[in-house]
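# Inside the fold
So the chains spell out like this:
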Amino acid sequence: MVIFSALISVVTLHHVSAFTSLQNSQIRRNAFRSGPLYAEKKYPVVVVGTPSEALAASMALCTREVLNGLEKDDRPPVPPPQLVALLQQPHRHQIAMSEEIDSLLQNSLLFGQYQGTSPITVQNLMEAFNGVENFLSCIYDRSEDYGNPILHTATESRADKLSILANESVRNSVSYFGLNLYSNLVQSGEGKFSLPKEEASDLGTRLQTFLDAGSMDSVAISMDLPTHLAMLQANRLPKSRGVLGSTDVFAIRDDIQEGRNVDDGSSMTIEYNYDYENPMGGSDPLLCPSYGNCVVAPNTINHPVVQFEANSAHAAAYTAMRGYGMNPISSLCVASSVKAIFKEMGSFESVETGSPARFTPPPYNWDVIDRITEYCCQSRQNVVKEEGASRKKYREFGYK
Ligand SMILES: *[C@@H]1O[C@H](CO)[C@@H](O)[C@H](O)[C@H]1NC(C)=O
C-alpha cells in the first residue's frame, strides 16, 4: 500500500519552517474551507474503541495540519472536525464519560459515532466503512481524493479481535491498521509488573499470523515496554518483513528504571533491522542491529484512570500519524504530546458510591492544539537515539 505522497514524507517536524513558506499561498487560498487544506489524499480514521481514542486521533490530525503550515491568521475560529469516526466499544475499565463528551465528539469527529457491536464483527465494520464512504462521496467530488480508512483499535493479549481484522473483506477495505496491545501484566516483584511467558508467546504468535497476511507498510503497533520485553524473552517478537515499514518498528510507552515499571511520560520507537541472509543472528532481535529513539514529553502525575486514557490516546494518535505516512519518530512526538495533554488536562472524578466515576478528556480547541504543537516541536528536538536500547532494557528488567 502506498499512501506516502512525496509531500508528507519530507515533512518531518524538522522541516516545518522551510516548508511553511512554500505552502503559504496555497494555505491562504484555502483558509476557511473545512475541506482538504492541501491537494493531498485524505484517509478517514475509524476508531473501534473509546471516545478518548477518537478524540486523540482528531487532535493529532489537527496538529498535523498546524505542523504542515496552517498559520494562526488562516485558521477558522475553532479547530475543524477531523475525518474520524468512532465505533464505540465497552470500556475495558468500565469508565464512564462526563456529560460534555457528546458535544466534544460532535465538534471533533466529522463522521461522529456509529453503532458498535460487542464484540466487533466483520459485518459491523463493513457497515461503518460503507457509512464513511457514503459520507466521503458527498463531500469530495472525485473518489481519487480519498482512500480507504485507517483503522485503529486496541486488542487484549487474550482476545481474538485480530482474526476479525485479518478477515479478507476487512483487510481489503482498510488502508492502514493501528493496534494498541493491552496486556494483562501481573506483579512479579516489588514495583515490577510483567507479562507471563505463556501469554507473551501466545500474543506474539497471533500477531505474527496477522502480520503475515498484511501488505507492505500497512500496520503500526503500540504496546508497553514490559509486554515488548516479554515477547523478546519468549522469543516470539513477530517479524514483519516490511508490513511494519522498512524496519520492524514498534511504538513503546512507559519505561523501566532499576527494574521497576514507571510511566514517566517518555516513550520510544524501537526498530529492528533484520538481515535474514545473515545466519549469525541476523534475524534475532537481541543480536541484530537495533536502536531506540526516546521521546520525552512533559509529565504530570494524575489519577491512574487518566494515565490509562492518556496511553490509549497515545496509541490512537500514533496510528493516525503513521497512517498518513508520517515517519515513526515524528509520529511518536505527536503521540506523546497528545498523551501529555491528556495527563495534564484530563480529569477523573469519583461521584457518589454506586454511580460510575467519570473521565473528562481535554477540550478540543486551538489552545489545546497549540500546546500539543509546542510539545511536539520541543520533543522532536530532544529525541535521544540509542543503539541496542531494547537489549539494554531487557537486561535491566532482569531477563537473561
Ligand atoms: C470474513 O467474514 C465474512 C463475514 O462474516 C465471512 O462470511 C467470511 O467467511 C470471512 N472470511 C474468512 C476467510 O474467514
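Residues numbered from 1 in each chain as written. Predicted model: local features only at pLDDT ≥ 70, side-chain atom pairs only at ≥ 80, totals over all residues. Heavy atoms only, no water.

What follows covers helix H12 (residues 366-381). With 16 residues, H12 extends 23 Å between its outermost C-alpha atoms, agreeing within 8% with the 22 Å of an ideal straight helix rising 1.5 Å per residue. The inward-facing, buried residues of H12 contact helix H3 (51-67), strand S12 (290-296) and helix H11 (328-345). The residue sitting at the N-terminus of H12 and contributing the capping side-chain oxygen is asparagine 365; that oxygen lies 3.1 Å from the backbone nitrogen of aspartate 367. (Helix = DSSP H or I, 4+ residues; strand = E, 2+ residues; numbered from the N terminus. Expected span 1.5 Å × (residues − 1). Contact = heavy atoms within 4.5 Å. Polar contact = N/O pair within 3.5 Å; in protein donor to acceptor, adjacent residues only side chain to side chain.)

Quick look at the packing of aromatic side chains now. Ring pairs (aromatic) are described by centroid distance and by the angle formed between their planes. With the rule as written, the count across this model stands at eleven aromatic pairs. Ring centres 5.0 Å apart and planes at 80 degrees place the aromatic pair phenylalanine 111 and phenylalanine 135 in the edge-to-face group. Of this pair, phenylalanine 111 sits in the loop between helix H4 (101-108) and strand S4 (112-114) while phenylalanine 135 sits in helix H5 (residues 122-139), and the two are 24 residues apart along the sequence. Arranged with centres 6.4 Å apart and planes meeting at 15 degrees, the rings of phenylalanine 342 and phenylalanine 359 form a pair that is stacked. Remark: phenylalanine 359 occurs in strand S14 (residues 358-360) and phenylalanine 342 occurs in helix H11; sequence separation between them is 17 residues. Of the two residues, phenylalanine 342 and phenylalanine 359, neither departs from the other in class, the shared state being buried. Feature note: the residues Phe250, Tyr272, Tyr274 and Tyr276 constitute an aromatic cluster, connected by ring pairs. One residue, arginine 75, lies across the ring of tryptophan 366, its end atom 4.0 Å from the ring centre. The residue whose ring lies beneath arginine 241 is tyrosine 276, and the NZ or CZ to ring-centre distance is 3.7 Å. (Phe/Tyr/Trp six-rings, centres within 6.5 Å; stacked < 30°, edge-to-face > 60°. Buried < 20%, exposed > 50% of the residue type's maximum accessible area, 1.4 Å probe, protein only. Lys NZ or Arg CZ within 6 Å of the ring centre and 35° of its normal.)

If you look at the biggest cluster of nonpolar residues, it comprises 58 residues, and the most contacted ones within it are Val45, Met59, Val84, Val334, Val338 and Phe342. With ten residues, the top contributor of residues to this core is H3. Residue contacts for valine 334: discarding those within four places in its chain leaves Ala60, Leu67, Met321, Met326 and Cys376. Core analysis: the next-biggest nonpolar cluster, separate from the first, contains 53 residues, Leu151, Leu181, Leu244 and Tyr272 among them. (Core = buried A, V, L, I, M, F, W, Y, C linked by side-chain atoms within 4.5 Å.)

Moving on, we come to the environment of isoleucine 270. Inspection of the secondary structure puts isoleucine 270 in strand S11 (residues 260-272). With 21 residues separating them in the primary sequence, isoleucine 270 and valine 249 have C-alpha atoms 5.6 Å apart.

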